[in-house]
Amino acid sequence: MNNNKICVFDFETDGSNPDTCSPVQIAAVIIDPINLNIIEGSEFNINFKPEVLEKDENYEYTTDILDFHAKVRNSSKADILQQWKKYPKQEHSWQLFVNYLENFHTRTTKKSQFSAPIAAGYNIHRFDLRIIDRLSVKYKNLNKESKTDLFYPRDTVDIMNLIFYWFENNNELSSYSLDNVRKYFGISSEGAHDALKDVKDCAEILIRFMKLHRNLSSKVKFKNSFI
Amino acid sequence: MSSKNFAFSCGCSFPVIDEASQKITFNPDINHINLNCKKTWDLISDGNTKGCFQLESRLGRSYAKKLKPENIEQLSALIAIIRPGCLESFKDGKNITQHYIDIKNGKESIDYLHPSLEPILKTTYSQMIYQEQAMQIAKDIAGFSLQDADSLRKAIGKKLPEQMAKIKLRFIDGCKQTNIVDNDTAEQIFGWIEKSQRYSFNKSHSVSYAMNAFLSAFTKAHFPQIFFASYLKFAKDKIDPQAEIKELIQNANEMDIEVKLPDIRNLNKFFILKENRIYFGLTDIKGVGESVFEKMINTISDKNLDLNETYWLEILFKLLINTNSIAAKALIQSGALDYLCKTRQNMLFEYNAASNLTQKECDKCLELIDTKTSLSSILTIISNKTKLTKNRKTILDNTIYSLDNPPYSLSDQPEWISDCEYSLLGYSLSCTKVDLYDISMTNVTCKEFKNGYNSQKLLLGGEITNLNITKTKTGKTKGSDMAFVTLQDNTGSIDSVIFFPETYKKYRNILFPGHVIIVQGSRSRNGDSFVVEKAYVAKS
């Protein structure tokens, strides 16, 4: 039985390569593992000034990332860049994220990564967790194995994988992008690509699947099923 | 000195030393207290003996309730029969402890091996539970001298076969000479003495223990606040202090005694009793050690801080920032600063922000502190009017930004408060997990159940705080798993909620510590336990 809380999080970044990009926003919510609901007041949302702008205020992006952000926020590239320049430094925002996660350990004293929340999100294995690992190294939030100590070390939940398990032989779902999954499930796409909206949607999807699993697992006989 | 006495309903009275405050004097001397005090015997008979010498364990509490002792003789016997020897020695399929209880409660008849034993065993309802009784039998029936009788005790106790054989011959010979019992009965009595030495206890010890047990129960019955404050103070010396604190607070709550969160204004190192309320001490908070406490006291005195008149930012910059961070956070999270009327999350957030400031910036903050200003506005003044490096200015501006736009809610969620208090104090005083769940359909609380409430269908809700899975020893389902669950709600806890094998099999998926469940069932035949028929996970 899992008692660790589940942190659904999502980064918005200034690039598509998780090994080099900088976060510009991180949002998170926490799921209560017992009742399977989003814990009231657990929403987290903070912006980061991209590293390249910390080093050089006049840095010019050569990719189309500003176009992407301008499009989803219905804004101009110049406005987006101006906003990013005003955001708090990465170190500052990162520390607030670390402090936030500490509030959701299973213990208040003797905290360790084993009492930390379980990381969850959409496509986090290939993207968000790699950023977490990189920033954990940078700001020394590491365990003895030099891995991030912000999250529970064993389990992670990538909702994209979950979608694959349930839809790998279902032609109705044409792609596994969050936008497409949202549309398929009938979740409103208004405000999509805002990290907080994305994590809330992901959390609701994960809760539905977990409830489904719990319902099914009590009816399935696993023990000695290979005999 | 006033000559007036303060009298309790039980008749016990104590001299009043200050009429205005109704302060009384109590001499905790066994020779000066009423050994027939009904209030005290009722407390013992109710099994409310947490903290009472020799009777504070679950076993002691349970047997005190079963036996319902009414005098020191019976209390002494209780202390003797709850020792492992008696509990593990069986006669006619029942242990000696149960024999004694059943005879005392009239469920079993008194049966002497020989009428000559009656004067010796009368006080213990025909059971041989003291070593002194074996010695007395040897003296009266076999004509032993007290010295010889003591040799008998030692030989049996040390299991010396050669010496035993010699003593047995002397015992049988002695019986022939006194001619009180025949040879067969003499053999039987000696065999019984031999067996009894495995469990019998020294009466002189047992009576002394009983006196101490009565004295502690007397104090608990008459001065419960002082009793709990003292026991909580010394809970630190127990093997598991947090478990001890939890049990004592639960027991105090059941007796309607208020235990309050630590309050920094009291500046008390340990638990104290103030205005009929017990307050946690500051060093009773996990993470606040004695050295931190001493340092805090020195800081308060050096800076001439009047905590009653001081506001949050002053405490932050004059006290917390100079304290180690674990202790400072523990003070905030445990509720020791709640009187400042700021949420704990908010204080923690501002503490984290302030701990990133340089000493010079902190000094500047202190200069600018004013009751009307917020941390954000003070930092804005520093950022705008002080000469700072570019890096420091950025850090300050970032801090101001997050103070004005906190990235998460700074309200205190009940579950977080409950977790913090449980971890730091060993008990959640402000709220429990149960507060977050809908248990409105229940018809009994833990306290009501303990107090004897009964109905055909009992519905009880609470958090599982302990789960003990065991195998049944008898019956049709012998060897199957069953569970003993401890359920806790806002009124107390019950540690004997029983899931028998069939029910356990059905509901084992929801039986985990931390779950808030609702159980439907009935009171067990012996009246102490809750036997579950159905269980549900409570909805939040």
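Structural notes, computed from the coordinates.

Procedures and definitions
- Residues numbered from 1 in each chain as written.
- Chains lettered and ligands numbered in written order.
- Predicted model: local features only at pLDDT ≥ 70, side-chain atom pairs only at ≥ 80, totals over all residues.
- Pairing = 2+ DSSP bridges.
- Helix = DSSP H or I, 4+ residues; strand = E, 2+ residues; numbered from the N terminus.
- Buried ≥ 20, exposed ≤ 12 C-beta atoms within 10 Å, placed from the backbone.
- Contact = placed C-beta atoms within 7 Å.
- Nonpolar A, V, L, I, M, F, W, Y, C, P; charged D, E, K, R; others polar.
- Axes fitted to C-alpha atoms, helices over the stretch in contact; angles between N-to-C directions.
- Parallel < 35°, antiparallel > 145°, perpendicular 65-115°, else oblique.
- Left-handed = near helix turned anticlockwise from the far one by under 90°.

1. Details of the sheet that holds strand β2 (residues 13-18) of chain B
Two orientations exist for strands paired in a sheet by backbone hydrogen bonds: parallel and antiparallel. Residue and element names in this part refer to chain B. Spatial ordering of the open sheet is given by β1-β2-β3, a layout of three strands whose pairing is antiparallel. Two strands in the sheet have a free side with no partner beyond their single neighbour: β1 (5-7) and β3 (23-24). Examined bridge by bridge, β1 and β2 share three bridges and lie antiparallel to one another. For F6, the partnering residue across the bridge sits in β2 and is F14.

2. Topic: unusual backbone geometry
Despite not being glycine, A:K140 has its phi angle at roughly 60°, a positive value. Topologically, A:K140 is positioned in the loop between α5 (124-138) and β6 (156-158). According to the C-beta neighbour criterion, A:K140 is exposed, with 7 such atoms within 10 Å. The backbone of B:Y125 shows a phi angle near 50°, a positive value even though the residue is not glycine. In this fold, B:Y125 is placed in the loop between α6 (118-121) and α7 (131-142). For B:Y125, a count of 20 C-beta atoms within 10 Å corresponds to the buried category.

3. Some thoughts on the pairing of strand β11 (residues 492-499) of chain B
Residue and element names in this part refer to chain B. In the sheet, strand β10 (residues 481-489) pairs with β11 via six bridges, with the strands oriented antiparallel. Paired with L487 across the two strands is I494, which belongs to β11. Between the antiparallel neighbours β10 and β11 lie two residues. Strand direction decides the pairing type here: β11 and strand β13 (residues 530-537), joined by two bridges, are parallel. Within β13, the position partnered with V497 by the bridge is F530.

4. Section: the interface of chain A and chain B
With 23 residues of chain A at the interface, the matching set in chain B holds 25 residues. Secondary-structure elements contributing two or more residues to the side of chain A that touches chain B are β4 (44-47) and α4 (90-102) of chain A. Broken down by element, the residue count for the side of chain A that touches chain B peaks at four residues, all from α4(A). Looking at the side of chain A that touches chain B, its residues break down into eight nonpolar, 11 polar and four charged.

5. Quick word on the packing of α7(B) against helix α10 (residues 183-196) of chain B
All names here are of chain B. Put simply, α7 and α10 touch, their axes get as near as 10 Å, and they point 160° apart. Between α7 and α10, the angle falls in the class roughly antiparallel. Considering the relative orientation of α7 and α10, their crossing is left-handed. Taking contact as the criterion, the partners of A134, I137 and I141 in α7 are, on α10, I189, I193 and S196. The residue inventory of the contact of α7 with α10, partitioned by class, reads five nonpolar, one polar and no charged.

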